[in-house]
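Reading the structure
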Amino acid sequence: ILGATDFKPGDEILIGNQEHPALLYPSVSLQRTAGVVVRQFTYHHDPAKTLASFSALLSPRTRLAAFSHVSCETGIRVPAAELIALAHQQGTRVLVDGAQSVGSFPVNFRQLGCDYLTGSSHKWLCGPKGTGILVIRRDRLDELTPRYVGGGSLAAPGPRNEAAIAD
């Protein structure tokens, strides 16, 4: 999602302070290459303190909030639905990293209300290493620009000779 969103210089990404490198590194890369401002809220064992930290850093420039449903470092389970509601009040899209939650306890994408949800199939779902899931709200699909397109990427592919190829 980070690589498929057209960020502009000065756009903000709000992430948690206990993120896995799979979320942290792309965020920092966007900060260096696209002029995006990365801000970090603090995970607390007290959900009210997590909400307060998140709310204090959320701004009209926050384009995306991205955080782990459950911290891979401490096991803190964030008040995800409440964080999502706060972000949506500002018009901010939300990516939930469900690597430590999907398969560990019931996660209902629609009920949670996030825009995007990722998960690792090889952890709590006991799938093969290197597999994962990505769930995107249908009304958010057209907001994304895939950077890597290959076989099977198109919803309705045409014959091969119809592909637009620049000379």
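Here is a short report on the structure shown in this document. It should be emphasised that the depicted structure is a prediction, and the values quoted were computed from it without experimental measurement.

**Some remarks on helix α2 (residues 47-57)**
Residues of α2 that are buried include every one of Thr50, Ser53, Phe54 and Leu57, and no others. Down the axis of α2, the buried side of the element spans an arc of 95 degrees, and every buried residue falls inside it. Where α2 starts, the residue carrying a side-chain oxygen 2.9 Å from the main-chain nitrogen of Ala48 turns out to be Asp46.

**A few points about the side chain of Asp97**
Along the chain, Asp97 turns up in strand β4 (residues 93-97). The side chain of Asp97 sits in the buried core without any salt bridge; Lys123 is the nearest counter-charge, 6.8 Å away. A polar contact of 2.9 Å, which involves the side chain of Asp97, links it to the backbone nitrogen of Ala99. If sequence neighbours within four positions are ignored, Asp97 has contacts with His20, Phe67, Ser68, His69 and Thr118.

**Details of the environment of Ile133**
Relative to the assigned elements, Ile133 resides in strand β6 (residues 132-136). Spatially, the C-alpha atom of Ile133 lies 5.0 Å from that of Gly119, the residues being 14 residues apart in sequence. Excluding its chain neighbours within four sequence positions, the residues that come into contact with Ile133 are Val102, Leu117, Thr118, Gly119 and Ser121.

The rules we used
- Residues numbered from 1 in each chain as written.
- Predicted model: local features only at pLDDT ≥ 70, side-chain atom pairs only at ≥ 80, totals over all residues.
- Heavy atoms only, no water.
- Buried < 20%, exposed > 50% of the residue type's maximum accessible area, 1.4 Å probe, protein only.
- Helix = DSSP H or I, 4+ residues; strand = E, 2+ residues; numbered from the N terminus.
- Arc of directions from axis to C-beta.
- Polar contact = N/O pair within 3.5 Å; in protein donor to acceptor, adjacent residues only side chain to side chain.
- Lys, Arg positive; Asp, Glu negative; His and termini not counted.
- Salt bridge = Lys/Arg side-chain N within 4 Å of Asp/Glu carboxyl O.
- Contact = heavy atoms within 4.5 Å.

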